[in-house]
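Summary of structural features
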Amino acid sequence: MSISLRRLDPTGADHEDLVAFMTDNEFPFHVVPRPTRAQVESWVGEGAYRDEDNDSFWVEHDELGRVGFFRLEDLSDDAPLFDLRLALDFRGRGLSREILRAATDHVFRTMPQVNRFEGQTREDNLPMRRTFLRCGFLKEAHYREGWPVDGADPVASVAYGILRRDWETGTVSTFVWEDLA
Ligand SMILES: CC(C)(COP(=O)(O)OP(=O)(O)OC[C@H]1O[C@@H](n2cnc3c(N)ncnc32)[C@H](O)[C@@H]1OP(=O)(O)O)[C@@H](O)C(=O)NCCC(=O)NCCS
C-alpha cells in the first residue's frame, strides 16, 4: 500500500469536491460533526483550508484512490497540528497508520524549520488515539473536560506529539510527568 498527499485548492479546482467531502461524511469526534455547505463555504472564506497557517491535501491510496482529507494547522508557529478525516467508506480498515506516517514524513521532509508535529483529539476517539501511538507519537497532555460536546458533558482533549529527532531515529523519547514530586 502506498499513500500520497495531494495539495488541494479550496477556492479553485477542488472547491466543489471539498464541500462534498465535508457535507457527505459525518465526523462524530469533531466539534461540528455534520458541517453544512454554508459552514464549509464560510471556513473556505476564512482561509481555514489554505492561508499562512493552514494547508490542505487529499489523501490518496495507490489502489483505492482518494480516501480522505488532511489539513495542517498553525504552520506559522513551526510546530504544526493536523486534522485527518477519512471518508466513511474507508474508516476501520487499518489505513490510518500508513496515512499518519506519510503525513509525518511530509512534514519533517518538506519543512526543515519544524521540530515538533502535534495532534489533538477527544479522549473517546480510540481509533485516532491508537493511531498516534502506532506512529510514534507520545501523549503529552490530557485536558480534562476540555472538549465541549453538544447536549452532553464535556470530554477530555488529549494531545500527542512527535519530535524530529524521534522521527529520524525511530524512537519514542519520553519525560517525567510529575517532575516536581
Ligand atoms: C480516526 C481515523 C483517522 C482512524 O482511521 P481508521 O483507518 O478508521 O483507523 P484504523 O482502522 O487504522 O484503526 C486504528 C486503530 O484503532 C483501533 N480501533 C478502531 N476502532 C476502535 C474502537 N471502536 N475501539 C477501540 N479501538 C478501535 C483499530 O483496531 C486500530 O488499532 P491497532 O493499530 O492496534 O490495530 C478515522 O476513523 C477517521 O477519519 N475518523 C473520523 C475523523 C476523525 O475523528 N479524525 C481524527 C481527528 S485528528
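Structural notes, computed from the coordinates. (Residues numbered from 1 in each chain as written. Predicted model: local features only at pLDDT ≥ 70, side-chain atom pairs only at ≥ 80, totals over all residues. Heavy atoms only, no water.)

Some words on the pattern of salt bridges
- In this structure the tally under the stated criterion is 16 salt bridges.
- Linking Arg-6 and Glu-60 is a salt bridge whose minimum nitrogen-to-oxygen distance equals 3.3 Å. Placement of the pair is Arg-6 in strand E1 (residues 3-7) and Glu-60 in strand E2 (residues 55-61), with a sequence separation of 54 residues.
- You can call Glu-60 partly exposed: its relative accessible area is 23%.
- Among the ionic contacts, a cluster of salt bridges with common partners joins Arg-6, Asp-14 and Glu-60. (Salt bridge = Lys/Arg side-chain N within 4 Å of Asp/Glu carboxyl O. Helix = DSSP H or I, 4+ residues; strand = E, 2+ residues; numbered from the N terminus. Buried < 20%, exposed > 50% of the residue type's maximum accessible area, 1.4 Å probe, protein only.)

Comments concerning helix H4 (residues 126-134)
- Among the residues making up H4, those that are buried are Met-128, Arg-129, Thr-131 and Phe-132. One face of H4 carries all of its buried residues, which in axial projection span an arc of 155 degrees. Among the exposed residues of H4, those oriented more than 90 degrees off its buried face are Leu-126, Pro-127, Arg-130 and Leu-133.
- For H4, the secondary structure elements touched by its buried residues are strand E4 (81-86), helix H3 (96-110), strand E5 (116-122), strand E6 (138-149) and strand E7 (152-163).
- Two residues or fewer after H4 comes Gly-136, characterised by a positive phi angle close to 85 degrees. (Arc of directions from axis to C-beta. Contact = heavy atoms within 4.5 Å.)

Topic: the site of the ligand
- Residues in close proximity to the ligand total 20 residues, the closest being Leu-84, Leu-86, Gly-92, Ser-96 and Arg-134.
- In this structure, Gly-94 approaches the ligand through a main-chain N or O atom, which is 2.9 Å from an oxygen atom.
- At a separation of 2.9 Å, an oxygen atom of the ligand approaches a polar side-chain atom of Asn-125.
- When the free accessible area of the ligand is taken as 960 Å², the share hidden by the protein chains comes to 74%.
- Put simply, the parts of the chain that give the shell around the ligand at least two residues each are E4, H3 and H4.
- In terms of residue count, H4 provides more of the shell around the ligand than any other element does, 6 residues in total. (Near = heavy atom within 4 Å. Polar contact = N/O pair within 3.5 Å; in protein donor to acceptor, adjacent residues only side chain to side chain. Areas by Shrake-Rupley, 256 points an atom, 1.4 Å probe, with all protein chains shown as cover.)

Details of the packing of aromatic side chains
- What the rule picks out here adds up to 14 aromatic pairs.
- Ring centres of Phe-21 and Trp-58 lie 5.9 Å apart, and the angle between their planes is 70 degrees; this geometry places the pair in the edge-to-face category. Linking Phe-21 in helix H1 (residues 15-24) with Trp-58 in strand E2, this pair joins segments that are 37 residues apart in sequence. Per residue, the accessibility class of Phe-21 equals that of Trp-58, and both read buried.
- What links up through ring pairs into an aromatic cluster is the set Phe-57, Phe-70, Phe-82, Phe-117, Phe-132, Phe-137 and Tyr-160.
- The positively charged end of Arg-66 is found above the aromatic ring belonging to Trp-58, 4.0 Å away from the centroid. (Phe/Tyr/Trp six-rings, centres within 6.5 Å; stacked < 30°, edge-to-face > 60°. Lys NZ or Arg CZ within 6 Å of the ring centre and 35° of its normal.)

A look at the nonpolar core
- Membership of the largest hydrophobic core comes to 40 residues, with the highest contact counts inside it found for Phe-70, Leu-72, Phe-82, Leu-100, Phe-117 and Phe-137.
- Broken down by secondary-structure element, the contributors of at least two residues to this core are H1, helix H2 (37-46), E2, strand E3 (65-73), E4, H3, H4 and E7.
- For this core, the element with the most residues is H3, which contributes 6 residues.
- Discounting chain neighbours no more than four positions away, the residues touching Leu-72 are Asp-53, Asn-54, Asp-55, Phe-57, Pro-80, Leu-81, Phe-82, His-106, Val-107, Met-111 and Phe-117. (Core = buried A, V, L, I, M, F, W, Y, C linked by side-chain atoms within 4.5 Å.)

Quick word on unusual backbone geometry
- Notably, Asp-74 is not glycine yet its phi reads approximately 60 degrees, a positive angle.
- Secondary-structure assignment places Asp-74 in the loop between E3 and E4.
- Phi at Glu-145 is positive, roughly 55 degrees, even though this residue is not glycine.
- Among the structural elements, Glu-145 can be located in strand E6.

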